[in-house]
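Take a look at the letters that make up each chain.
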Amino acid sequence: PCRGGPQVVASAMATKRLPRLAAVGLVVGVLASLPCAGSGAIRTESFGRGAHTKHHSNWAVIVSTSRFWYNYRHTANALSVYRTLKRLGGIPDSNIILMLADDHACDPRNRYPATVINSAATSLQLYGDDMQVDYRGYEVSAENLFRLLTGRHDDTVPMSKRLLSDENSNILVYMTGHGGVDFLKFQDVETISSTELGDSFHQMYRKKRYRQLLLIMETCHAESMLSGLHSPGLIGLASSATDEESVSVARSAEIGVFLIDAFTARLLQFLEPLSSDSTKSLLDLVRFSGVRHVRSTVKVRSTINIAKVRLMDFLSGQPRMVVGRQQGWGAFESKGPLPQTTDDTEARGLQTKGDSTEALCDQANGCSSTGTMVVRCVGAASLVAYVAWLLAG
């Protein structure tokens, strides 16, 4: 009755199995796409208003724009921040670009040759043997800063003088020097404006050269330099309001100059007891830097809730959960000393109820909630049972 014999029968059976084989292929594809515990994959979960993702390859750009002996404190400011990054140990020296407009350590008026200090009460040496200055003297210019930020270098510029960041990098940019309303001086011969600085950061954003960027301005009228910031993922921290001057402290009678600026001194006081796994936020720092201590009003301009911005996300290179970008510019103002706290829910309405606290992301085991894992396991088991039924039929 079977015309064609055994070959036709075999062909008919093969044709009958095609739908089942297709179903098996679909199920196997779905199973392969499911992340499994212990696979080492990093998964993204949504909490509150932002998504938490991994960042890596963090960078820092530290700039002192002032020449001349009486600007000793600006070099000390920059070297103090540089030393703090080295102490925390998360960002390698190859990822720190240090720009010093003058070599105060070797100035003939320096009573302590080859030394830079930031306090007359201590003998802390900031100008150590292991420091690496990438741009010095007249190399510290507005043009070189813009080329560094945007990656528009001449072919002769070595890789050690380039900012090789990417879209997963968090970048700290610390700048100190003399400034006025809407400008910062370079070497007393040229200036940059807030618009020029903001446009450079926007080029970085368009070229995917950062994930989040923290700009710290230690200068007179520093808030005005934040007015040009308009790109997502930017956080600006200013040592003074637009109508205020920054204050110098710790005058040394021995060498005849001020040793550090007040805001940077307060910043160091805040950071010194911290380690690379600290959970302190930018809001904690702002509260710690009240007018009574800094003698000027610290200002913040940010697209991101500063109660959720962990300082170690920029000061350390360790992978950590980072809150996602938010739309809209906001400002936070510190008026007078505020009690230091880690309770972000009291942050002047900056955090709404229901927002989750960030958690560290374990690279070895991945991160997901227990409920999510249960759903995935039940789904996987059901699919395996379906495959067994198909094969048995």
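Please refer to the structure higher up on the page.
Residues numbered from 1 in each chain as written. Predicted model: local features only at pLDDT ≥ 70, side-chain atom pairs only at ≥ 80, totals over all residues. Heavy atoms only, no water.

Draft legend 1. Geometry of the overall build of the protein chain. Within the protein chain, the secondary structure is distributed over 9 helices and 15 strands. Looking at the protein chain residue by residue over its 393 residues, the buried ones come to 49%. Only carbon and sulfur atoms are counted for the fraction: they give 55% of the accessible area of the protein chain, which is about 18200 Å². (Helix = DSSP H or I, 4+ residues; strand = E, 2+ residues; numbered from the N terminus. Buried < 20%, exposed > 50% of the residue type's maximum accessible area, 1.4 Å probe, protein only. Areas by Shrake-Rupley, 256 points an atom, 1.4 Å probe, with all protein chains shown as cover.)

Draft legend 2. Quick peek at the packing of aromatic side chains. This structure, assessed with the given rule, holds 4 aromatic pairs. Consider the rings of F68 and Y70, whose centres lie 6.1 Å apart with planes at 20°: the pair is stacked. The interplanar angle of 45° and the centroid separation of 6.4 Å between the aromatic rings of Y205 and Y210 together place this pair among those described as tilted. Taking relative accessible area as the criterion, Y210 reaches 2% and is therefore assigned buried. The ring of Y135 has K161 sitting right over it, with the charged end atom 5.2 Å from the ring centre. Over the face of the ring belonging to F258 we find R251, whose NZ or CZ atom lies 5.5 Å from the ring centre. (Phe/Tyr/Trp six-rings, centres within 6.5 Å; stacked < 30°, edge-to-face > 60°. Lys NZ or Arg CZ within 6 Å of the ring centre and 35° of its normal.)

Draft legend 3. How the structure looks around the sheet that holds strand β9 (residues 190-193). Ordered in space as β7-β8-β9, the 3 strands form an open sheet in which the pairing is antiparallel. Either end of the sheet is taken by a strand with one partner, and the two such strands are β7 (179-180) and β9. Relative to β9, strand β8 (residues 183-186) is paired through 4 bridges, and the arrangement is antiparallel. Its bridge partner being in β9, K185 is matched across the sheet by T191. Across the sheet, helix α3 (residues 142-150) is in contact with β8 and β9; its angle to β9 comes to roughly 40°. (Pairing = 2+ DSSP bridges. Contact = heavy atoms within 4.5 Å. Axes fitted to C-alpha atoms, helices over the stretch in contact; angles between N-to-C directions.)

Draft legend 4. Quick look at the pairing of strand β13 (residues 257-261). Among the 5 residues of β13, 4 are classified as buried, and the element is accordingly described as predominantly covered. Direction of pairing for strand β12 (residues 248-252) relative to β13: antiparallel, over a ladder of 4 bridges. Bridge pairing links V249 to I260 in β13. Here β12 folds back onto β13, and the loop between the two strands holds 4 residues, one of which, G256, carries a positive phi near 80°.

Draft legend 5. Examining empty space enclosed by the protein more closely. Taken as a whole, this structure holds 1 cavity of 30 Å³ or more when the rule is applied. Lining the largest cavity are 13 residues, with L172, I216, L267, L271 and L315 sitting closest to its centre. Among the residues making up the lining of the largest cavity, the classes are represented as 12 nonpolar, 1 polar and no charged. (1 Å grid on protein atoms, 1.4 Å probe; cavity = no way out; pocket = protein on both sides within 12 Å on 5 of 7 lines; lining within 4 Å. Points joined across faces, edges and corners; volume = space filled by probe spheres on them. Nonpolar A, V, L, I, M, F, W, Y, C, P; charged D, E, K, R; others polar.)

Draft legend 6. Representation of unusual backbone geometry within the structure. We note that A114 has phi near 60°; this positive angle belongs to a residue other than glycine. By the element assignment, A114 lies in the loop between β4 (96-100) and β5 (135-136). A relative accessible area of 39% places A114 in the partly exposed class. Despite not being glycine, R295 shows a phi value in the positive range, around 65°. Mapped onto the elements of the fold, R295 is located in the loop between α7 (291-294) and β14 (299-302).

Draft legend 7. Here's a closer look at the packing of α3 against helix α4 (residues 194-206). Relative orientation of the contacting elements α3 and α4 amounts to 25°, with a least axis distance of 8 Å. When the interaxial angle is binned, α3 and α4 end up roughly parallel. Both α3 and α4 take part in a crossing whose hand is right-handed. Counted together, F146, L149 and T150 of α3 and E196, L197, S200, F201, Q203 and M204 of α4 form the full contact between these two elements. By residue class, the composition of the contact of α3 with α4 is 5 nonpolar, 3 polar and 1 charged. (Parallel < 35°, antiparallel > 145°, perpendicular 65-115°, else oblique. Left-handed = near helix turned anticlockwise from the far one by under 90°.)

Draft legend 8. Spotlight on the nonpolar core. Ranked by size, the top nonpolar core spans 52 residues in total, and within it I62, Y72, L172 and L237 carry the most contacts. For this core, the element with the highest residue contribution is helix α2 (residues 72-88), accounting for 8 residues. Once residues within four sequence positions are removed from consideration, L172 is found in contact with W59, A60, V61, V81, L85, L214, I216, F314 and L315. (Core = buried A, V, L, I, M, F, W, Y, C linked by side-chain atoms within 4.5 Å.)

Draft legend 9. Molecular detail of α4. In this model α4 runs 18 Å from its N-terminal to its C-terminal C-alpha over 13 residues, within 8% of the 18 Å that 1.5 Å per residue would give. Taken residue by residue, α4 has S194, L197, G198, S200, F201 and M204 as its buried positions. Within α4, the buried residues cover an arc of 155° as seen down the axis, which keeps them to one side. The secondary structure elements touched by the buried residues of α4 are α3, β6 (170-176), β9, β10 (212-218) and β11 (234-238). One or two steps after α4, the chain reaches K208, where phi turns positive at roughly 55°. (Expected span 1.5 Å × (residues − 1). Arc of directions from axis to C-beta.)

Draft legend 10. Layout of the environment of A250. Structurally, A250 is set in strand β12. The contacts of A250, once residues within four sequence positions are left out, are N118, V257, F258, L259 and I260.

Draft legend 11. Fine view of the pattern of salt bridges. For the coordinates displayed, the defined rule picks out 10 salt bridges. Linking K86 and D93 is a salt bridge whose minimum nitrogen-to-oxygen distance equals 3.0 Å. Overall, D93 belongs to the buried group, its relative accessible area being 14%. Note that D188 and K185 form a salt bridge whose closest N and O atoms lie 3.7 Å from each other. (Salt bridge = Lys/Arg side-chain N within 4 Å of Asp/Glu carboxyl O.)

Draft legend 12. Molecular detail of the packing of α2 against helix α5 (residues 262-271). Relative to each other, α2 and α5 sit at 15°, their axes nearing to 10 Å. Between α2 and α5, the angle falls in the class roughly parallel. Helix-helix and strand crossings are classified by hand; for α2 and α5 the assignment is left-handed. Only T264, L267, L268 and L271 of α5 make contact with α2, whose side of the interface consists of N77, S80, V81, T84 and R87.

Worth remembering: the numbers are spatial, not functional.
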